[in-house]
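The chain contents come next:
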Amino acid sequence: MKVYRLRIAVQFVCFILLVYGGLFLIDLGSRLPTFSCAYMDDRGGGCFFIGFQHMMNRPLGEFLGDAGIRLLKALGIFALWAVVLNKAWCGWVCPFGFLQDMMTKLRTFIGVDVSRFAWMTRTRYKSVKYILLVLMILIPLGMANSVFGLPTLPRDWSVAFCQICPARLILPIFNGDFSQIYVDFSGSVRMILTSLGVILTGLFFTTAFVKRRFLCSYCPMLAALSLFDKIGLTSLKKNGQRCTRCGNCSRACPMEIREIEEEKTLSNLVTQDCTLCLRCVEVCPEDKALQATFCGVPIFTATQEGFLKRQGLPGENKTEKEV
Amino acid sequence: MSYFAGIDIGSATTKVAVIDDNQILGYKVAPTGVHCEETAQQILGDLLKQLELPEDAVERVTSTGYGRRLVKFASSNISEISANVKGATWYGSQAGVTVRTIINIGGQDSKVIALDDSGVTKNFAMNDKCAAGTGRFLETLCRIMEINVTEMGEVSLESTVPIRINSTCAVFAESEIISLLARRKAKADIIAGAHYSIANRVARMVKRIGLQETVFFDGGPALNCGLKKALEDELVTDLYVPPSVPQVTTAVGAALIAREESMNDELIEAESA
Amino acid sequence: MDAQEKRRRLANKVKVNLAMTVREIFDAIEDEPSRPQNMAYFDRIFKTFTDGGKGAVPREEGRKLIGTYCLFVPEEIIYAAGGQPVRLCAGSYDSTEVGEEFLPDVACPMVKSEMGFSALPVLSFYQDCSLVALPASCDWKTKMGAIMEEHAPVMMMDMPRIKESEASREMWLSEIKRFKREVEKVTGVKVNRRRLREAIRLVQRAQVEFDRFHAIRKADATVISGRDALEVLNAYFYDHAESWTAAMSLLNDELEERIRNKTSVTKPKAVRLMLTGSPMVFPNWKIPTVIEELGGALVADEFCTSNRYLHDKVAVDEGSVNDMLHAIADRYLLPCTCPIFSTTVDRRDRLLQLVEDHRVEGVIYHTLKGCHPYDLETKLTETLLRDNGIPMLRIETDYSPQDVEQLRTRIEAFMETLTGKRRG
């Protein structure tokens, strides 16, 4: 089974659902753990973060009351989505992830080679996504409270993450809306934040062209979902003894995860950066070394035979002269 | 004209050679039997008769071989190494060949002798404990395969790929060969394999001693062209085999020494006179 | 005798002895009952060794022969550049004596044998190579290059010993790229995307048949003898991948039929043995011959010359030339279980997996004298197998036939221990 083809199909369907769903009166709620940007007028569901940032913009005392219950409910729904599909949200649903995958397809079609990080580089910047997540909690709180005795943050900091998020500039384009592409000069904070947004959008067209899922490495949604890696119902399992450490998995991994190749003893290989795209399972040539599971039941297992079929065998039997 | 005789008493055959002052007159080979001295006497007598020489024509007899001390009528006896060296270097000089190594494969032993630049024995190795690598082994083969010893060489040359004989012992090799025959393997291949087996053993002895060209090959089996080829392959050198007389080289050597000793005695007599 | 003549005669000596050895092996094998008919194709390749190896390696008009050593040199690149690869690792005792003139006595017999074949024209494909790619895998191979340069157009390839590091992988990739450039120079054909992709598929098709064969050997009935299994894989050294694949396909069909008919080449309840350690190359069939003469069933092996050779697969990801080269570099380095690498945990996992899959009862660990990497691994392997309840026999030997009887005694005793263990 060519899983990546299935995945593209699913991604496409989700893209339509999330970007155009509103036109068909589809609403999957506003607590989705994926970049279904709230700035899209026709969206079929909303990104969790915008609501989250608004909810966190409250004096601490209020969390003991209604606001707290609302927050818990929102977190609960998020958690439910996260536990069931875990990182599959990133690999199979996220419209922004889909767009990055399309950039990759364009690149391979043109014939440009992929660009990879040095191992240290990737390791060094792993924490960026968590820092962004933490800031996403602290900044709204800092707007309504005096954090560390500092004055409260001005309104300009409202939905700070959305201001820098490149999905906000790009996704509405698919609804015919180019209005999000701007720098807000109305205040210095807004100017800086929205400029960052424009810069990251620029990076989408450049770096994300040569690197696979470049922006996902820094995504706070990935960070938030990674908190559920160990308990997610959708999971990736490895049998260390059957692994020959051939490295096909980490080479094919768009997130350049090394653990998938190096680990010999751990069984659950949904690592911090993993988007459950299952490319690793597709290129694994050893029987049962890698397996995607749902509620513990294998749904896609690596096999020698499957590997060879996906590589295009038997293919045409070209004679020596044609080679 | 003076006549001299050399008697080589081997465990299987006795060889007698008669020479005069200038050349080899004749030689004879016969089975040694149980009483070597009588056999030696008999053969010498027969040979002299054949050469139309009187019974007492021979001035001096030198004996060699394993039974040399048993020939009471011999004036002297020497080791077969020395006799072989003497004979081989003489034949070599006749043919214009500088002999530096001698390989002798006898009925029941095999030797390798290394000579220095002046033709004197430098080193030697001998296998006299075991029939493997000797003429006896080849005789056994002939018996099993029901062919003549003289045919062996020609038949073996027909082989394209010899069959390796693994047994290091001639007795075990016999059973190995019988089983090969039972499996209908070609006789030519088996005989060739036996030749290579002998060549291999000899090559090991040569390695211990060191090979220097030209290599002289004598002893009865030297007439076997297949064995010669196998040895040449294994030793990576050409072998010189004296034409038609390889079996009697040692006896000739003994005769030559008899002549030399006689000349020495005359010199001593002349000096003391 | 002048030097050239001497050289020719020496080559002839090796040739005659090699012919005898090859004949001896086939005389013994062909006596074995119920040999698969499709072995004839592979037999032919080795029987050519009696006559200078003519016809062992397919020589199409103008196709350049590229010699390789070990299993680190990418055949895909050679095929893509229009060349014919031939693996030159050697197993002949008869050429080791020649090799001894160039190498110290303590050198491993394989290296001596290869050296002998390179220095003297015995098997023509050694002399016919336009390029010989020699990975500096073990110490012997590293030094052999300089000694061999006089006789063959050697290209050394630097090899990392620590494959976990990022720097070594980059170094290896750049060596692969350099190799590609050298091969292109030799054949005059540029390796482009289409040719490389097709070459990868060519090898992968061979691997499909290899996988089938491997699965067949897991069956309860031993449908093919150990010597034949080694021979079949050893044939891949010389044959073109496509013809080998076709022949394997027929053999596999026949063997699968045998599984259905339950035709076995060993007696029922024969002891199931696995060989591992320093590689065994034809005609060094000394140990498998002894095992099978004693009635043992050789059901698996873990040799770089057979079971390991075609196991790992190139995974094409995006399909550009660089991507394929990267995939090739990774395939030839990372999963390799050769003990020249610092960590060999993968090798031990593989051994355990083989024992499990093939239901192996005993392992024979074979080291060649002078083979340090496998020597150093012995204790680790012994501990691993002991901890998993699998008996192991250590055998250290070389190519000479002198110790066959001692080996027979030891292997027989080992097999009796295993049968005893079953009852106990």
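Residues numbered from 1 in each chain as written. Chains lettered and ligands numbered in written order. Predicted model: local features only at pLDDT ≥ 70, side-chain atom pairs only at ≥ 80, totals over all residues. Heavy atoms only, no water.

> Even after reading the chapter, I still don't get the overall build of chain A, so can you show me in this structure?
The secondary structure content of chain A amounts to 16 helices and three strands. In terms of C-alpha radius of gyration, chain A reaches 21 Å, essentially the compact-globule figure of 20 Å for 323 residues. If one aligns the C-alpha atoms of chain A with their principal axes, the spans along those axes are about 75 × 45 × 40 Å. Looking at chain A as a whole, 54% of its 323 residues qualify as buried. In chain A, once contacts between residues fewer than 6 apart in sequence are set aside, the share between residues at least 24 apart is 69%. Carbon together with sulfur atoms contributes 68% to the accessible area of chain A, which is approximately 14500 Å² in total. Taken together, the 36 basic and 24 acidic charged side chains of chain A have centroids lying 3 Å from each other. (Helix = DSSP H or I, 4+ residues; strand = E, 2+ residues; numbered from the N terminus. Rg over C-alpha atoms; globule rule 2.2 N^0.38 Å. Buried < 20%, exposed > 50% of the residue type's maximum accessible area, 1.4 Å probe, protein only. Contact = heavy atoms within 4.5 Å. Areas by Shrake-Rupley, 256 points an atom, 1.4 Å probe, with all protein chains shown as cover. Lys, Arg positive; Asp, Glu negative; His and termini not counted. Charge placed at Lys NZ, Arg CZ, Asp CG, Glu CD.)

> I tried to follow unusual backbone geometry on my own but got confused; where do I start?
Across residues other than glycine, the phi torsion is negative in most instances, and most of the peptide bonds are trans. Along the chain, Glu213(B) connects to Thr214(B) via a cis peptide bond; the corresponding omega equals 5°. Along the chain, Thr214(B) falls in the loop between helix H6 (187-209) and strand S9 (215-218). Of note in this structure, Lys288(A) is not a glycine but carries a positive phi near 65°. Its place among the elements puts Lys288(A) in the loop between helix H15 (279-283) and strand S2 (290-294). One non-glycine residue, Arg184(B), lies in the positive phi region at around 60°. Counting through the fold element by element, Arg184(B) comes out in the loop between helix H5 (170-182) and H6.

> Please clarify how the sheet that holds strand S5 (residues 272-277) of chain C should be interpreted in this entry.
Two orientations exist for strands paired in a sheet by backbone hydrogen bonds: parallel and antiparallel. All names here are of chain C. Strand order across the open sheet formed by four strands is S6-S5-S7-S8, with parallel pairing between neighbours. Single-partner strands in this sheet number two, and they are strand S6 (297-302) and strand S8 (392-397). Across the sheet, the mean angle separating the axes of adjacent strands is 25° when strand polarity is ignored. Pairing geometry for strand S7 (residues 362-368) and S8, over six bridges, is parallel. By the bridge assignment, leucine 368 is partnered in S8 with threonine 397. Across the face of the sheet, helix H12 (residues 286-293) comes into contact with S5, S6, S7 and S8 while running at roughly 170° to S5. (Pairing = 2+ DSSP bridges. Axes fitted to C-alpha atoms, helices over the stretch in contact; angles between N-to-C directions.)

> Would you take a moment to explain the domain arrangement of chain B for this structure?
By convention, interface size is frequently given as the accessible area that disappears when the constituent parts associate. Partitioning chain B into structural domains gives domain 1 (1-77 + 248-273) and domain 2 (101-242). The gap between the C-alpha centroids of domain 1 of chain B and domain 2 of chain B is 29 Å. (Domains from an automatic or database assignment.)

> Explanation requested: the pairing of strand S3 (residues 24-31) of chain B in the structure shown.
If a strand is regular, its side chains alternate between the two faces of the sheet. Residue and element names in this part refer to chain B. Both strand S2 (residues 13-19) and S3 contribute to a ladder of seven bridges, which runs antiparallel. Considered in S3, the bridge of threonine 14 is made with alanine 30. Where S2 folds back on S3, the antiparallel hairpin that results is connected by four residues.

> What is the right way to read the nonpolar core from this model?
Core analysis: the largest hydrophobic core is formed by 147 residues, its most contacted members being Phe49(C), Phe125(C) and Trp244(C). Ranked by residues supplied to this core, first place goes to helix H9 (residues 193-216) of chain C with nine residues. When sequence neighbours within four positions are dropped, the list of residues in contact with Phe125(C) reads Phe49(C), Gly53(C), Ala56(C), Val57(C), Leu65(C), Val86(C), Leu88(C) and Tyr238(C). The next biggest cluster of nonpolar side chains, apart from the first, holds 76 residues, and it includes Phe96(A), Leu236(A), Val270(A) and Leu290(A). (Core = buried A, V, L, I, M, F, W, Y, C linked by side-chain atoms within 4.5 Å.)

> Looking at this model, I keep getting lost on the interface of chain B and chain C. Mind explaining?
Chain B puts 16 residues into the contact, and the matching count from chain C is 17 residues. Carbon and sulfur atoms make up 43% of the surface buried where chain B meets chain C, a total of about 1700 Å² over both sides. With a closest N to O distance of 3.4 Å, Asp27(C) and Lys185(B) form a salt bridge. For the interface between chain B and chain C, the tally reads eleven residue pairs in polar contact (both at pLDDT 80 or more). Only H6 and helix H7 (225-235) of chain B provide two or more residues apiece to the side of chain B that touches chain C. Counting residues per element, the side of chain B that touches chain C draws most heavily on H7(B), at three residues. (Buried area = accessible area lost by both parts, 1.4 Å probe. Salt bridge = Lys/Arg side-chain N within 4 Å of Asp/Glu carboxyl O. Polar contact = N/O pair within 3.5 Å; in protein donor to acceptor, adjacent residues only side chain to side chain.)

> Is there a simple way to explain a nonpolar patch on the surface in this structure?
Together, Leu23(A), Phe24(A), Ile26(A) and Leu28(A) line one region of the surface with nonpolar side chains, adding up to about 380 Å² of accessible area. When you line up the elements, Leu23(A) lands in the loop between helix H1 (3-20) and helix H2 (48-56). (Patch = residues over 30% accessible without salt bridge, like charges linked within 9 Å, V, L, I, M, F, W, Y side chains within 5 Å.)

> Would you take a moment to explain the confidence of the model for chain B for this structure?
It should be kept in mind that the predicted coordinates are not to be read in detail where pLDDT is low. Averaged over chain B, the pLDDT score is 89; the fraction of residues at 70 or greater is 100%. In the predicted complex, the global pTM is 0.87; the interface-specific ipTM is 0.87. (pLDDT = per-residue confidence, 0-100.)

> Just checking my understanding: could you explain the domain arrangement of chain A for this structure?
All names here are of chain A. With domains assigned, chain A is organised as domain 1 (3-224) and domain 2 (233-310). Computed over C-alpha atoms, the centres of domain 1 and domain 2 are 27 Å apart. Taken together, the 26 residues of domain 1 in the interface contact 26 residues of domain 2. Between domain 1 and domain 2 the total buried area reaches about 2200 Å² when both faces are included, carbon and sulfur atoms providing 49% of it. Our enumeration of links across domain 1 and domain 2 arrives at four salt bridges.

> I'm lost on the interface of chain A and chain C in this one. Help?
The partner chain C presents 43 residues to the 45 residues of chain A that form the contact. Across the interface of chain A and chain C, roughly 3800 Å² is buried in total on both sides, 41% from carbon and sulfur atoms. Along the contact surface separating chain A from chain C lie ten salt bridges. Where Glu318(C) meets Arg107(A), a salt bridge forms, and the shortest distance between an N and an O atom there is 2.7 Å. The interface formed by chain A and chain C includes 20 residue pairs in polar contact (both at pLDDT 80 or more). At the level of secondary structure, the elements contributing two or more residues to the side of chain A that touches chain C comprise helix H5 (95-110), helix H6 (119-124), helix H13 (248-252), H15 and helix H16 (304-310) of chain A. Its residues assigned to classes, the side of chain A that touches chain C shows 15 nonpolar, 13 polar and 17 charged. (Nonpolar A, V, L, I, M, F, W, Y, C, P; charged D, E, K, R; others polar.)

> Can you help me understand the environment of Cys138(C) in this one?
All names here are of chain C. Counting through the fold element by element, cysteine 138 comes out in the loop between strand S3 (129-135) and helix H7 (139-148). It is 26 Å that separates the C-alpha atoms of cysteine 138 and proline 121, two residues lying 17 residues apart in sequence. The residues contacting cysteine 138, other than those within four sequence positions of it, are Arg161, Ile340 and Pro373.

> Looking at this model, I keep getting lost on H12(C). Mind explaining?
All names here are of chain C. H12 sits mainly inside the fold: seven of its eight residues count as buried. Lys286, Ile287, Pro288, Thr289, Val290, Ile291 and Glu292 are the residues of H12 that are buried. Where H12 is buried, its residues meet helix H10 (226-235), S5, S6, S7, S8 and helix H16 (404-423).

> Explanation requested: helix H14 (residues 345-358) of chain C in the structure shown.
Each α-helix turn comprises 3.6 residues. Residues three or four places apart therefore point the same way. All names here are of chain C. Given a rise of 1.5 Å per residue, 14 residues ought to cover 20 Å, and the 20 Å separating the end C-alpha atoms of H14 matches this to within 8%. Of all 14 residues in H14, eleven are buried, a share of seventy percent or more. If you check which residues of H14 are buried, you get Asp346, Arg347, Arg348, Asp349, Arg350, Leu351, Leu352, Gln353, Leu354, Val355 and His358. Where H14 is buried, its residues contact H9, S5, S6, S7 and helix H15 (372-387). (Expected span 1.5 Å × (residues − 1).)

> Is there a simple way to explain the packing of aromatic side chains in this structure?
One pair of aromatic rings is described through two measures. These are the centre distance and the angle between the planes. Residue and element names in this part refer to chain C. Per the stated rule, a full pass over the model turns up 34 aromatic pairs over all chains. Between phenylalanine 26 and phenylalanine 282, the ring centres sit 5.9 Å apart and the planes meet at 45°, which makes this aromatic pair tilted. Of this pair, phenylalanine 26 sits in helix H1 (residues 3-31) while phenylalanine 282 sits in the loop between S5 and H12, and the two are 256 residues apart along the sequence. Arranged with centres 5.8 Å apart and planes meeting at 75°, the rings of phenylalanine 49 and phenylalanine 282 form a pair that is edge-to-face. Of this pair, phenylalanine 49 sits in the loop between helix H2 (40-47) and strand S1 (65-68) while phenylalanine 282 is found in the loop between S5 and H12, placing the two residues 233 residues apart along the sequence. Its relative accessible area of 3% is what places phenylalanine 49 among the buried residues. Across from the ring centre of tyrosine 332, 4.1 Å away, lies the NZ or CZ of arginine 331, which sits over that ring. (Phe/Tyr/Trp six-rings, centres within 6.5 Å; stacked < 30°, edge-to-face > 60°. Lys NZ or Arg CZ within 6 Å of the ring centre and 35° of its normal.)

> What is the right way to look at the arrangement of the chains in this model?
Among the two pairs of chains that make contact, the interface with the largest number of contacts is formed by chains A and C. There is a gap between chain A and chain B: no contact, and a shortest C-alpha distance of 35 Å.

> Even after reading the chapter, I still don't get the pairing of strand S4 (residues 154-157) of chain C, so can you show me in this structure?
All names here are of chain C. Where S3 meets S4, four bridges bridge the pair, whose relative direction is parallel. Looking at the pairing, proline 135 lines up with methionine 157 of S4. You can see the chain leave S3, run along H7 and come back into S4, and the turn it takes is right-handed. (Right-handed = clockwise from strand over helix to strand, strands pointing away.)

> Help me out: how do you make sense of the sheet that holds strand S8 (residues 121-127) of chain B in this one?
Residue and element names in this part refer to chain B. Taken in spatial order, the five strands make up an open sheet running S8-S7-S6-S9-S10, and their pairing is mixed. Because the sheet does not close on itself, it has two edges, and the strands there are S8 and strand S10 (239-240). The pairing of S9 with S10 spans two bridges and is classified as parallel. Bridged to phenylalanine 216 within S10 is tyrosine 240. Packed on one face of the sheet, H6 meets strand S6 (101-105), strand S7 (110-115) and S8 and runs near 145° to S8.

> Help me understand the state of the cysteines, please; the structure alone is not making it clear to me.
Within this structure, the stated rule accounts for zero disulfides over all chains. Cysteine Cys253(A) remains unbridged, with the sulfur of Cys277(A) as its closest cysteine sulfur at 5.9 Å. Residue class for Cys253(A) comes out buried when judged on its relative accessible area of 10%. For Cys89(C), which is in no disulfide, the shortest distance to another cysteine sulfur is to Cys70(C) and amounts to 5.3 Å. (Disulfide = S-S within 2.5 Å.)

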